[in-house]
Amino acid sequence: MTTPEKLAALLVERHGLKPPVNIEQVLREYSDVEQHEWTQDCDGFAIFGGNQSRPRVYIKANVPARRKRFTFAHELGHIVCYWHTGKKCASIPNPGGAALGTEEAEANSFASHILLPDSFLAQFQDQYLPAPEILDAVAQADVSASAGILALRRVLLPGYVFLVPGLDHAVVSTGTYVPPGAEDYSQLAKFSGRHPHQGSLIRWYQLSVTEPLPATLQTSVTTTEMLRRALTAARPEENVSSLMKQINGVVGGTLTRTRATVSAETIFAALEQRFRNNPLYEDLMATDEFRRYLRQKSVDVAQKRVSRS
Ligand SMILES: [Zn+2]
């Protein structure tokens, strides 16, 4: 966790904040807030430090309500991030788009973490909930579609893609494999659709879905050995050790993104999407041995997590 994220979590705890967070009220506890109409792009700014006894925040009044809520949170971020200096102008129409200065990025991260606390987003981190259900639940936070869906990237399992009007790039959950240059996500998805959310129509794609796993035979063969045999059979010409390293890297990275779940089916779904859409592994996914390895690996990891919890 970065310091701005920790500070946001601290305020969430101190003020007992739950979505929809009354962010204007919280900001007013830390500053004097004035709202004015103006025509410049700047959504708000805070004046603090120096001889100023209490920070003063100016918020542009003539913007949509949800965007203004994000600006309240953003300016609060500048005030509580004690190393921020001077007078900052918020510009947040495309968070994650154009590169922002460090302090601006930190204020945005703080805003995301106070309006959508980790404790609130945790409900989405351990299972493949249908995207429309997730969007409906996130709507409770009363933030814009882009702010809410970008925040979901913090917790969602691999395999979700969202197209949000106004954002110039797809929002892809971490650990999702999307072939370079892919434009038609429906080709890659198991389910897809459109869902109204915060006044926008969101296109969503789920590349993973939890399905029951076939019963695995009890085997005395380790997953390492299963993988070695699968690779030797599928690619007799190749150096198996380096191929194993490569596969272990992909598997390990994807498993990290499934930390919160103890379900073998869910873990398998995450791993499967990582290989299924990648042309590099097409031949492996076509073999029973490799798929059996992925299933056994998922079962083993799930069992380990259960016994540890
Ligand atoms: Zn700012």
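What you see is a predicted model; the values in this text were computed from it and never measured. (Residues numbered from 1 in each chain as written. Predicted model: local features only at pLDDT ≥ 70, side-chain atom pairs only at ≥ 80, totals over all residues. Heavy atoms only, no water.)

Soluble globular proteins tend to pack their nonpolar side chains together in the buried interior. Ranked by internal contacts, the top residues of the largest apolar core, which has 54 residues, are Leu76, Ile114, Phe124 and Phe162. In terms of residues, this core owes the most to one element, helix α3 (residues 65–80), which gives six residues. Two domains each donate at least three residues to this core, and these are domain 1 (3–115) and domain 2 (124–206). With residues up to four places along the chain from it excluded, the contact list for Ile114 reads Ala8, Leu11, Val12, Leu17, Val21, Ile23, Ala73 and Leu76. Membership of the second largest hydrophobic core comes to 26 residues, among which are Val251, Ala264, Phe290 and Val301. (Core = buried A, V, L, I, M, F, W, Y, C linked by side-chain atoms within 4.5 Å. Buried < 20%, exposed > 50% of the residue type's maximum accessible area, 1.4 Å probe, protein only. Helix = DSSP H or I, 4+ residues; strand = E, 2+ residues; numbered from the N terminus. Domains from an automatic or database assignment. Contact = heavy atoms within 4.5 Å.)

Taken as a whole, the protein is organised into domain 1 (3–115), domain 2 (124–206) and domain 3 (223–308). Between the C-alpha centres of domain 1 and domain 2 there is a distance of 25 Å. Across the contact, eleven residues belong to domain 1 and 13 residues belong to domain 2. On inspection of domain 1 and its partner domain 2, the count reaches two salt bridges. Arg69 is paired through a salt bridge with Asp142; the nearest N and O atoms lie 3.6 Å apart. The interface formed by domain 1 and domain 2 contains six residue pairs in polar contact (both at pLDDT 80 or more). (Salt bridge = Lys/Arg side-chain N within 4 Å of Asp/Glu carboxyl O. Polar contact = N/O pair within 3.5 Å; in protein donor to acceptor, adjacent residues only side chain to side chain.)

Each pair of donors in an ideal four-coordinate tetrahedral metal site encloses 109.5 degrees, whereas pairs in an ideal six-coordinate octahedral site enclose 90 or 180 degrees. For the zinc ion, the full set of protein donor atoms is His74 (NE2), His78 (NE2), Glu104 (OE) and Glu104 (OE), at a range of 2.0 to 2.7 Å. Angles of 53 to 131° at the metal separate the four donor atoms of the zinc ion, which places the site in the irregular class. Expressed as a motif, the donor residue spacing for the zinc ion is H-x3-H-x25-E. Taken together, the residues His74 and His78, both in helix α3 and four residues apart, mark about one turn of the helix. Across the pair, His78 and His74 agree in class, each one buried. (Donors = N, O, S within 2.8 Å, 3.2 Å for Na, K, Ca; no water. Tetrahedral: all angles 85-135°; square planar, octahedral: opposite > 155°, others 65-115°.)

With that settled, consider the packing of aromatic side chains. Tallied over the entire structure, the rule returns ten aromatic pairs. Pairing Tyr160 with Phe162 gives two aromatic rings, centres 6.2 Å apart and planes at 5°, and the pair type is stacked. What links up through ring pairs into an aromatic cluster is the set Phe275, Tyr281, Phe290 and Tyr293. (Phe/Tyr/Trp six-rings, centres within 6.5 Å; stacked < 30°, edge-to-face > 60°.)

By the element assignment, Ser208 lies in the loop between β8 (200–206) and α8 (223–234). Here the side chain of Ser208 touches Pro158 through a polar contact of 3.3 Å, landing on its backbone oxygen. Engagement of the side chain of Ser208 in a polar contact is seen with the backbone oxygen of Ala269, the distance being 3.5 Å. Once you skip the residues sitting within four places of it in the chain, Ser208 turns out to touch Tyr128, Pro158, Gly159, Ala269, Ala270 and Gln273.

Looking now at the pairing of strand β7 (residues 191–197). Inspection of the sheet shows β7 paired to β8 by seven bridges, in the antiparallel sense. Its bridge partner lying in β8, Arg194 is registered against Arg203. Hairpin remark: β7 followed by β8, antiparallel, with two residues in the connecting loop; positive phi at Gln198, about 50°. (Pairing = 2+ DSSP bridges.)

To continue, consider the side chain of Glu272. Turning to its location among the elements, Glu272 is positioned in helix α10 (residues 264–276). For Glu272, a relative accessible area of 6% translates into the label buried. The contacts of Glu272, once residues within four sequence positions are left out, are Lys190, Met285 and Arg291.

The buried count for strand β3 (residues 56–60) comes to four of five residues, which makes it a mostly enclosed element. Bridge analysis of strand β2 (residues 44–47) against β3 gives four bridges, and the strand direction is antiparallel. Bridge pairing in β3 places Ala46 opposite Val57.

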